[in-house]
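Remarks on the overall topology
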Amino acid sequence: MDFRNVKSPSCVHRTSLNFTPLEEKKFKNSIRIPDIMDEEGMYSVAASALLELGDINKNDDPMNIDDYSSVQPGSNYVCSWSWKPGVTNGHRIIFSADSGDLYALEVLFESDGVRVNLSDCLYKGRPANALLWLDCGFVAVIVDMADGMVLKFEEGFLKYKSSIQNIAPILDMCIVDYPDEKHDQMFACSGMASEGSLRIIRSGISVEKLLKTAPIYQGVTGTWTVKMKVSDPYHSFLVLSFVEETRVLSVGVNFSDVTESVGFQPDVCTLACGVVADGVMVQIHQRGVRLCLPVGSVHPEGIPFSSPICTSWFPDNMSISLGAVGHGMIVVATSSPCFLFILGIRCSLAYHYEVYQMYCVKLQNELSCISIPQKHLELSRFLTNYAANNSTPAFPSGNHVDNLFLIGTHRPSVEVVSFTGDKGLQVLAIGIISLTNTLGTTISGCVPEDVRLVLVDRLYVLSGLRNGMLLRFEWPSASTLSSTGPTGQQSVVGSSTINFHISSNLLSPNNEVPEIFKSNISGKTEGDLPVNLQLIAVRRIGITPVFLVSLSDSLDADMIALSDRPWLLQTARHSLSYTSISFQPSTHVTPVCSVECPRGILFVAENSLNLVEMVPSKRLNVQTFHLGGTPRKILYHNATRLLFIMRTELDNDSCSSDICCVDPLSGSVVSSFKFEPGETGKCMEFIKVGCEHVLVVGTSLSAGPAMMPSGEAESTKGRLLVLFLEYTQISDSGSVTQRNSPIGGYSADQLFNSSLCSSPDDNNYDGIKLEETEAWHLRLAYSTIVSGMVLAVCPYLDSYFLFSSGSTFSVCGFANDNCQRMRKFASARTRFTIMTLTSHFTRIAVGDCRDGVLFYSYHEDSKKLEQVYCDPVQRLVADCLLMDVDTAVVSDRKGSLVVLSCANHLEDNASPERNLTLSCSYYMGEIAMSMRKGSFSYKLPADDMLKDSDDATNNINSSRNCIMASTLLGSIIIFIPMTREEYELLEEVQARLVVDPLTAPILGNDHNEFRSRESRAGIRKILDGDILGQFLELTSMQQEAVLALPSGTPNVTVMSTLKPPMPVMVNQVVRLLERVHYALN
């Protein structure tokens, strides 16, 4: 189009899209999200207007972005397109046709006019909802309700490179908890039609297990990976230290023992090791320091001899307790007496090195850890600029920065120390560790276990403590330095080197004590050293000592913080973010970088070495098994450890819907039960029959919607089925043994005795291989045709079950515990089509398409159902959960979630309709089609440290009532209950976070207005964990600044007389959010 004349635009070139479509069969079952929501006919204009839910139809449905109703069947049209980046006049464009083909258009401006060249098909796939042409020839392809792709231009065509994970829509899910692993995992029904899949979703960063050894590594005390040269891209050796032994393994395809060829002393416990110069390795043990030159047989850069060359250095009548190895420098410390030694190396002849002592100082406080950062140009630049900006003339510069190291002391404190030949040791910065709890009592165990220097935009000092806490210190600004008076300086008088004496073999030019180590620095002036490090953030990540392991040598590298679980530390918008790693508790960890495994991480867990690799391209920890149809419902059976999945839109000539049994370890379909032609599965549930369980299934025998535009049930037919599993075992002789038994007829020990989360290779149970000797088949025990589609089934008490057909629901059971003899005891009718049924003890909750949630009671004596409560507002229910007999959690099809309660009413009230009370609400903006109770019931390790507070017990008890909701857009949302005191505290915090520039919504939207949509005025809002979680990423000063802001929410009730002092409030908020964050991660 030519728009140069805006009053008369013209078409200068038209291209006809006459593509050859892909097989019609391939996409005949393509379904969009509005079709999912409209499968029961709930979104017609008349029904929506009647329900006062707004004019939500397929043309203005917010879930339906595009409308292709005007496109003629069989015609070609463009679904999405993207311009080539970096070209100002946009000469090339890539687009996707509805057939799934990708093409490119090239626009050429020539003297005789515009010429457009259309390429051949570049790639065949599914129709793309969105395309993004990236730099370097990459193209991102976003597909509706299926995984997307990353493609790249190669040799004139697009080639597949990787997937873009998309778990939407989640139509149903179930949660399986394994107390031994303290880890929930979710089995989700995702995708539609041919792209339907089972997704196994776990918390934490996904890891791929590459290697696991036998449990033969008992008593590991340390692990390190060492390069042969400082500049090498890959590690050469893996060092394992035991209580009385050290082993060195070569890094590669096979980890072979090369201890003798490297030269490390094998009969000692290694405290630290590393490469001090190219080809020169150092081992630090309790009795001394050993320098080794490995032979060429274990590494090409080794010495050309048959045995390694080694030399040692020993302290005089002392035992080494700590050590660290850096480039050109070795630092070791002793205890009883406490000395710090600075060692160097020098070469007298070829391949002949010696270790010599450069400096020695006696310490007042014993050291707890030592760390030597790698040389970094940015570090030198930062310290130089800091000295210039803060008038610190004594700050090191140039090569002096290369000899920095960090120490942690039992004082406790962390200190940044510099060593130079002319000035000796200088303490550049010191951070005193003094933490108190909310009662003002000093927290014990604050001795640093590990310390690291981190340079990301600014310089941090990270320290992991022995009590499971992680501290972050920062260099003070110029304004902070100038405002610090003599009293503040006096607080850091006692560095670890106060009151020392120089040993006899000190190599100091003047043999004098440097001024910085003298005990009296009360006359210290602005600009003198050491500077006071500011403690800006405190975070509890566990209860065991925290070890810090960098994943590379860079000062800005990602880091693993290892306590009783591993965490990944990465840079966030304003700070460091903490994300749990989905791996079992480990004692040691080290990065392993090799040609075969460039991003490997070695964990020591349960006496085994585990080589894993984090998957950086996947933010979600999800495993995918394709099912070939739309998975509608899913159940997990504990006895057989199988998943029962109801599928629709199957590409099968004999049936379009079935129920399949899936092995969650392999994703293979063990068996399936096919419905009749034209029959579609709608719901299913396990029901107890005596001591066994059967599967009760509801279906639809009629095509078309389940309800009329008025919301009343259509005149349709459905079927109720009762299924059981037939177990078949093939003996060694080849004979087949069959038993017909209801589901659950065999115990878990008989069928499966391994953990669901065990290795896929461990599929031997009692010595019999499952897939070769066992077979499962679903068999029909009973069926009956009913009036109306059966849309809901649920168990009731121990001997009944409920099912709905149209606007009627019934209480049924099995006579004499015989699953072939179903009996109906009572029925009740609602005004509109019933969508959900759920029960808790004697309470029955019915959710329909207009009246919302209705509470019923069943009287066994009279065999009658009675309505006792009803929803106060009209609501189109998507799912409903009963937390107890008085409380229901309801999600609707407009994206809201509400909590309804009848706790304040009496059932003997004379009113025929006793309305439920709206307790709280939350607008998600997404439709939660499935909700389940989460079982976060295991005891939180951090609560062991909080025994002085009743909050810990309250949190543990309330965590058993967590709610997990999955939405059509693929979100997983977790709701947890809390006490009124905790709610009021965090409500005040949230009101301030939503207006603070650091934590407010990025686009500047009104958070309170958004979360209050579809809610009545005056109803409490469920707190937003995404907003509150940011509070943990702020520094201590930022946290205090946020809480000092005025409340940003006008509806928040501020109880000034009960508001605690600001420091206590910060501690309370941090402690509460840490506990929640720890549990849910």
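For the structure given in this document, a descriptive report is provided here. (Residues numbered from 1 in each chain as written. Predicted model: local features only at pLDDT ≥ 70, side-chain atom pairs only at ≥ 80, totals over all residues. Heavy atoms only, no water.)

**A closer look at the overall build of the protein**
Of regular secondary structure, the protein possesses 14 helices and 68 strands. The buried share among the 1081 residues of the protein stands at 53%. For the protein, long-range pairs separated by at least 24 residues make up 57% of all intrachain contacts whose partners lie at least 6 apart in sequence. Surface accessibility of the protein: about 47700 Å² in total, with carbon and sulfur atoms responsible for 49%. (Helix = DSSP H or I, 4+ residues; strand = E, 2+ residues; numbered from the N terminus. Buried < 20%, exposed > 50% of the residue type's maximum accessible area, 1.4 Å probe, protein only. Contact = heavy atoms within 4.5 Å. Areas by Shrake-Rupley, 256 points an atom, 1.4 Å probe, with all protein chains shown as cover.)

**Brief notes about the nonpolar core**
The biggest cluster of nonpolar side chains holds 28 residues, and the ones touching the most others in it are L379, V416, I433, L435, V461 and W475. Mapped by element, the contributors of at least two residues to this core are α4 (377-389), β26 (404-409), β27 (413-420), β28 (424-432), β29 (448-456), β30 (458-465) and β31 (469-474). Sequence-distant contacts of V461, that is, excluding residues within four places in its chain, are made with L406, V414, V416, V451, R452, L453, L471, R472, F473, W475 and L533. Residues V276, L291, L343 and C360 belong to the second largest nonpolar core, which totals 23 residues. (Core = buried A, V, L, I, M, F, W, Y, C linked by side-chain atoms within 4.5 Å.)

**Focus on the environment of V1066**
Counting through the fold element by element, V1066 comes out in helix α14 (residues 1062-1080). Taking the C-alpha atoms as reference points, V1066 and V1042, 24 residues apart in sequence, are found 9.9 Å from one another. Those residues in contact with V1066, other than ones at most four positions away along the chain, are Q1039, E1040 and L1043.

**Regarding the pairing of strand β39 (residues 600-605)**
Among the six residues in β39, six count as buried, and that is most of the element. As defined by bridge partners, strand β38 (residues 588-592) adjoins β39 across five bridges and the pair is classed as antiparallel. If you follow T590 over to β39, its bridge partner there is L602. Strand direction decides the pairing type here: β39 and strand β40 (residues 608-614), joined by six bridges, are antiparallel. (Pairing = 2+ DSSP bridges.)

**With respect to a nonpolar patch on the surface**
Judged by side-chain polarity, V12, F109 and V114 come together as a nonpolar surface patch covering roughly 270 Å² of accessible area. Secondary-structure assignment places V12 in the segment before α1 (33-37). (Patch = residues over 30% accessible without salt bridge, like charges linked within 9 Å, V, L, I, M, F, W, Y side chains within 5 Å. Salt bridge = Lys/Arg side-chain N within 4 Å of Asp/Glu carboxyl O.)

**Description of the sheet that holds strand β7 (residues 138-143)**
Pairing in this open sheet of four strands is antiparallel, and the strands run β6-β7-β8-β9 from one edge to the other. One side of each edge strand has no neighbouring strand; the edge strands of this open sheet are β6 (128-133) and β9 (157-164). Along the sheet, successive strands turn relative to each other by an average axial angle of 25°, direction set aside. Inspection of the sheet shows β7 paired to strand β8 (residues 148-154) by four bridges, in the antiparallel sense. Note on β8: the bridge partner recorded for V141 is M149. (Axes fitted to C-alpha atoms, helices over the stretch in contact; angles between N-to-C directions.)

**Notes on the environment of S804**
Its location among the elements puts S804 in strand β54 (residues 800-805). Given the relative accessible area of 0%, S804 is considered buried. S804 sits twelve residues away from A792 along the chain, and the two C-alpha atoms are 5.4 Å apart. Aside from chain neighbours lying at most four places away, what touches S804 is M789, V790, L791, A792, F809, I834 and L837.

**Re helix α10 (residues 980-993)**
Counted at 1.5 Å a residue, the expected span for α10 with its 14 residues is 20 Å, and the 20 Å between its end C-alpha atoms agrees. With eleven of 14 residues buried, α10 lies mostly within the body of the structure. (Expected span 1.5 Å × (residues − 1).)

**Notes on the sheet that holds β26**
The strand order β25-β26-β27-β28-β32 describes an open sheet built from five strands, whose pairing is mixed. Two strands lie at the open edges of the sheet, namely β25 (367-371) and β32 (531-532), each paired on one side alone.

**What to know about the environment of Y922**
With respect to the element layout, Y922 can be found in strand β64 (residues 917-923). Expressed as a C-alpha distance, the spacing of Y922 and S1012, which sit 90 residues apart in the sequence, is 6.8 Å. In this structure Y922 touches G895, S896, L897, F975, R1011, I1022, L1023 and D1024, once residues within four positions along its chain are discounted.

**A look at the pattern of salt bridges**
This model, assessed by the stated rule, comprises 27 salt bridges. For R247, the salt bridge is made with D257, and the minimal N-O distance between the two is 3.3 Å. Highlighted residues: R247 in strand β16 (residues 246-250) and D257 in the loop between β16 and α3 (259-262), separated in sequence by ten residues. R247 sits in the partly exposed class, given a relative accessible area of 23%. In this structure, R992 and E988 form a salt bridge, with 2.5 Å as the shortest nitrogen-oxygen distance.

**A short note on the packing of aromatic side chains**
Scanning the entire structure with this criterion turns up 20 aromatic pairs. Note on F809 and Y856: the rings are 5.0 Å apart at their centroids and 75° apart in plane angle, and the pair reads as edge-to-face. A residue pair is termed long-range when its members are at least 10 positions apart, and F809 in strand β55 (residues 808-814) and Y856 in strand β59 (residues 853-859) qualify at 47 residues. The burial state of F809 is the same as that of Y856; both residues are buried. (Phe/Tyr/Trp six-rings, centres within 6.5 Å; stacked < 30°, edge-to-face > 60°.)

**Brief notes about helix α13 (residues 1036-1043)**
Residue pairs spaced three or four apart in an α-helix point in one direction, given the helix's 3.6 residues per turn. Inspection of α13 places Q1039, V1042 and L1043 among the buried residues, and these make up the whole buried set. Burial along α13 is one-sided: seen end-on, the buried residues are contained in an arc of 95°. (Arc of directions from axis to C-beta.)

It is worth stressing that arrangement in space is one thing and function is another; only the former is reported here.
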